[in-house]
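The residues making up each chain are set out below.
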Amino acid sequence: MIRRLLTFAVLAGLLVAATVWLADRPGSVTLRWEGWRVDTTVPVLVLAMLALMIAVNLLLRLAGALVGGPGRFLAGRRAKRTQAGYRALSDGMAALAAGDSRQARKLATRADRLLADSSLTALLSAQVHSGADAERHYQRLAERPETAVLGLKGLTEIAIKQGDKAKALELAARAWSLGGTTDGLAATLFDLQAGAGQWIEADATLAEAKRRKLLSGADLLHRQALVALARADQAERDGNAAAALDFAQAAHRADPILVPAAVKAAAALHRAGKTRKAESVLAATWEALAHPELIEAALTLAPMESPLDRVKRVEKLVRLNPDSACGHAALAEVALAAKLWGQARTHLEKAVELRPSAGLYILLARLEREEKGDETAARDWLVKAAGAGAEPAWTCQVCAKPADSWAIACPACGAVDSLVWR
Ligand SMILES: [Zn+2]
C-alpha cells in the first residue's frame, strides 16, 4: 500500500515536472504529409501522441473481448453445469440420508451426467444402485487409494449377499489391511473369519480393532469370549485338557453371562478335580441370568447324588436368582424325583404361572399319577400339554430355525453368534 502510494507520488511529480518543462520551452513543430500541413507546438504534439496511445490501447482491448467471447461463454456454461452437478450430488446424498431412494437414484443419474469426474459420484451411485450396477460403482471406488476401503467394504457386502463368503472374507481382509476406521468393518471381518473357523485370525482382528478403537466394552469382550470358547473346543478335540481348561475359563471371565462358556468352564474344572470352583462359576452366571442348562450342568457335577441331595443342590443354586420359570421348573422336577409332592406342586404352579409349557404339564400329569394315582387328572394335563406352546430352545435370529444345542455358528444357516434362548 505504502509502496503504491510512493510510486504514485513519484510518477505524479515526474508528470508535473515534464509538463512545466515543456510549457517553459514553447518551440514549434511543422508536419507536412501528402499536401497537408500542420503547425503546432511541442506540448500539443506530446498530448496528441498520448491521446493516440490511449485510443489504440482501448481499441486493442475491445478487439480482444470480441475474439475471446465465445471461449468465455463456453467456460461459463461449463461452470454452470458443474455447479448443477454438485447440487444434484449433494441433494442426492440428502435424499439417501432421508431414506428417499427413488429421488436419490434420480439425482445420482443427473449428477453422473453433469459432472465430468465420475469418482465424485461413485459413492452415491454405488449406494442407490443394486446388483451389477452397484458392484461397478464400488469397483471404481476401490480403485482409488482415497476411497479404496469404502469400495472394498461395499464389494464385501455384495459378496455376503450373494453368499460368496470366501470372496467376502478376502475383500474384507484387503479393506482391513489398508487401515482406516470404517464403521462395521471390524465386526464384518470378525464374523467372516469366525464363520470360516479362522480363530487365530479372528483373535488378531479383535486386538487390532481394540487398538483402532473400533470395538470396545461388552461387544469386544463377548467376541473375545466366543474366540476363547472356540479355542477351548479345538483344544478338547486335540486332547489338550489343560489348554481347554484355560480357554474355557478365559471365555467365562470375558463374558460371565455367556451360558455355554460357564457350562464349558464348569465341566473342564470338574474334570480337573476343581468341583468347588466349577460350582461357583455356574452360580456366578445363574445369579446374573437364569438358564436351565446351568442347572443341568450343576447336576452333572455330582451324578451319583441321592434324590434329596439333588434337591438341596438345585435349591442352593436357584436361591441366588429365585424368581425364574426355569428355576421353579427345575426345583419341581427334582422334588418330584425325591417324592416331595407338596414342594413339587408349589414350584410347578409357580412355573406354569410364569411360563406355561408342554414340559410343565407333563410334570403335573406325573405328579397326579405318582402322588395320588389320579389317571383322569393326569390325562387332562396331557391333553393340555398337546396344545401348549413350544419349549424354549436355542433359536437362530437370522434364519429362525431352532438348534439342538448352542453353537457359535447356526447349524442351519451358518450365521455367527446368532443363537438366542427363547
Ligand atoms: Zn440360522
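Residues numbered from 1 in each chain as written. Predicted model: local features only at pLDDT ≥ 70, side-chain atom pairs only at ≥ 80, totals over all residues. Heavy atoms only, no water.

Some thoughts on the pattern of salt bridges
Consideration 1: Under the defined criterion, the tally for this structure stands at 21 salt bridges.
Consideration 2: Residues Arg 271 and Glu 236 are paired through a salt bridge, measuring 3.5 Å at the closest nitrogen-oxygen approach. Note that Arg 271 is positioned in helix 12 (residues 259-271) and Glu 236 in helix 10 (residues 217-237), a separation of 35 residues in sequence.
Consideration 3: The shortest N-O distance in the salt bridge between Glu 368 and Lys 372 comes to 3.7 Å. Of this pair, Glu 368 and Lys 372 are both found in helix 18 (residues 358-372), 4 residues apart, which corresponds to roughly one turn of the helix.
Consideration 4: According to the relative accessible area criterion, Glu 368 is buried, its value standing at 6%.
Consideration 5: Through salt bridges that share partners, Asp 233, Glu 236, Lys 264 and Arg 271 make up one connected network. (Salt bridge = Lys/Arg side-chain N within 4 Å of Asp/Glu carboxyl O. Helix = DSSP H or I, 4+ residues; strand = E, 2+ residues; numbered from the N terminus. Buried < 20%, exposed > 50% of the residue type's maximum accessible area, 1.4 Å probe, protein only.)

Structural notes on the coordination of the zinc ion
Consideration 1: Listed as protein donors to the zinc ion are Cys 396 (SG), Cys 399 (SG), Cys 410 (SG) and Cys 413 (SG); their distances from the metal cover 2.2 to 2.3 Å.
Consideration 2: Between consecutive donors of the zinc ion, the numbers of intervening residues give the motif C-x2-C-x10-C-x2-C.
Consideration 3: With a relative accessible area of 25%, Cys 399 lands in the partly exposed category. (Donors = N, O, S within 2.8 Å, 3.2 Å for Na, K, Ca; no water.)

Thoughts on the packing of helix 4 (residues 118-128) against helix 5 (residues 131-143)
Consideration 1: One way to put it is that helix 4 packs onto helix 5 with a least axis distance of 8 Å and a crossing angle of 140 degrees. On the basis of their axis angle, the class for helix 4 and helix 5 is oblique. Where helix 4 crosses over helix 5, the two elements pack in a sense that is left-handed. Each of Ser 118, Thr 121, Ala 122, Leu 123, Ser 125, Ala 126 and Gln 127 in helix 4 lies in contact with helix 5, whose residues at this interface are Ala 134, His 137, Tyr 138, Arg 140 and Leu 141.
Consideration 2: The class makeup of the residues in the contact of helix 4 with helix 5 is 6 nonpolar, 5 polar and 1 charged. (Axes fitted to C-alpha atoms, helices over the stretch in contact; angles between N-to-C directions. Parallel < 35°, antiparallel > 145°, perpendicular 65-115°, else oblique. Left-handed = near helix turned anticlockwise from the far one by under 90°. Contact = heavy atoms within 4.5 Å. Nonpolar A, V, L, I, M, F, W, Y, C, P; charged D, E, K, R; others polar.)

Details of the domain arrangement of the protein
Consideration 1: Per the domain assignment, the segments making up the protein are domain 1 (185-275), domain 2 (304-389) and domain 3 (392-422).
Consideration 2: Each of domain 1 and domain 2 has a C-alpha centre, and the two are 35 Å apart. (Domains from an automatic or database assignment.)

Describing the side chain of Ser 324
Consideration 1: Following the sequence through the fold, Ser 324 ends up in the loop between helix 15 (307-318) and helix 16 (325-337).
Consideration 2: There is a polar contact of 3.0 Å between the side chain of Ser 324 and the backbone nitrogen of Gly 327.
Consideration 3: Not counting chain neighbours up to four residues away, the residues in contact with Ser 324 comprise Trp 286, Ala 290 and Leu 354. (Polar contact = N/O pair within 3.5 Å; in protein donor to acceptor, adjacent residues only side chain to side chain.)

Re the UniProt feature "domain: HemY N-terminal" (unreviewed entry) in the protein
Consideration 1: Here, the residues flagged by UniProt with the feature "domain: HemY N-terminal" (unreviewed entry) are residues 27-128.
Consideration 2: When the span residues 27-128 is considered, its composition is 79% helix and 12% strand, and the gap between its end C-alpha atoms is 85 Å. (UniProt positions renumbered as here; feature names shortened; annotations may be inferred.)

Description of the packing of aromatic side chains
Consideration 1: Overall, the coordinates contain 2 aromatic pairs when judged by the stated rule.
Consideration 2: Ring geometry for Tyr 361 versus Trp 381: centroids 5.7 Å apart, planes at 15 degrees, classification stacked. Highlighted residues: Tyr 361 in helix 18 and Trp 381 in helix 19 (residues 375-386), separated in sequence by 20 residues.
Consideration 3: The partly exposed category is assigned to Trp 381, whose relative accessible area is 24%.
Consideration 4: Between Trp 394 and Trp 421, the aromatic rings sit 5.4 Å apart at their centres with planes inclined by 70 degrees, giving edge-to-face as the arrangement. Separated by 27 residues along the polypeptide, Trp 394 in strand 3 (residues 394-396) and Trp 421 in strand 5 (residues 419-421) bring together distant segments of the chain.
Consideration 5: Under the relative-accessibility criterion, Trp 421 is labelled partly exposed at 31%. (Phe/Tyr/Trp six-rings, centres within 6.5 Å; stacked < 30°, edge-to-face > 60°.)

Re the environment of Val 281
Consideration 1: Position of Val 281 among the secondary structure elements: in helix 13 (residues 275-288).
Consideration 2: The class for Val 281 is buried, based on a relative accessible area of 9%.
Consideration 3: Remark: the alpha-carbon pair of Val 281 and Gly 69, spanning 212 residues in sequence, is separated by 86 Å.

So, the pairing of strand 1 (residues 28-33)
Consideration 1: Pairing analysis gives 6 bridges linking strand 1 to strand 2 (residues 36-41), with the strands arranged antiparallel. Its bridge partner being in strand 2, Arg 32 is matched across the sheet by Arg 37.
Consideration 2: As consecutive antiparallel partners, strand 1 and strand 2 are separated by 2 residues, and within that stretch Glu 34 has a phi angle of approximately 50 degrees, a positive value. (Pairing = 2+ DSSP bridges.)

A look at the UniProt feature "transmembrane region" (unreviewed entry) in the protein
Consideration 1: When the UniProt feature table is mapped to this numbering, "transmembrane region" (unreviewed entry) covers residues 46-68.
Consideration 2: This span, residues 46-68, is 100% helix and 0% strand, and a straight line between its end C-alpha atoms measures 33 Å.

What about the packing of helix 11 (residues 241-254) against helix 12?
Consideration 1: In the contact formed by helix 11 and helix 12, the axes pass within 8 Å of each other and the chain directions differ by 145 degrees. Helix 12 is crossed by helix 11, and the crossing has left-handed handedness. Counted together, Leu 245, Ala 248, Gln 249, Ala 251 and His 252 of helix 11 and Ala 261, Ala 262, Lys 264, Ala 265, Ala 268 and Leu 269 of helix 12 form the full contact between these two elements.

Things to note about the layout of surface pockets
A water-sized probe, rolled over the atoms, reveals where empty space remains.
Consideration 1: As a volume, the largest pocket reaches approximately 650 Å³.
Consideration 2: If you go around the largest pocket, you meet 23 residues; those closest to its centre are Pro 292, Cys 326, Ala 329, Ala 330 and Glu 333.
Consideration 3: Those elements giving two or more residues to the lining of the largest pocket turn out to be helix 14 (292-300), helix 16 and helix 18.
Consideration 4: Of all the elements, helix 16 adds the most residues to the lining of the largest pocket, at 7 residues.
Consideration 5: Partitioning the lining of the largest pocket into residue classes produces 14 nonpolar, 2 polar and 7 charged. (1 Å grid on protein atoms, 1.4 Å probe; cavity = no way out; pocket = protein on both sides within 12 Å on 5 of 7 lines; lining within 4 Å. Points joined across faces, edges and corners; volume = space filled by probe spheres on them.)

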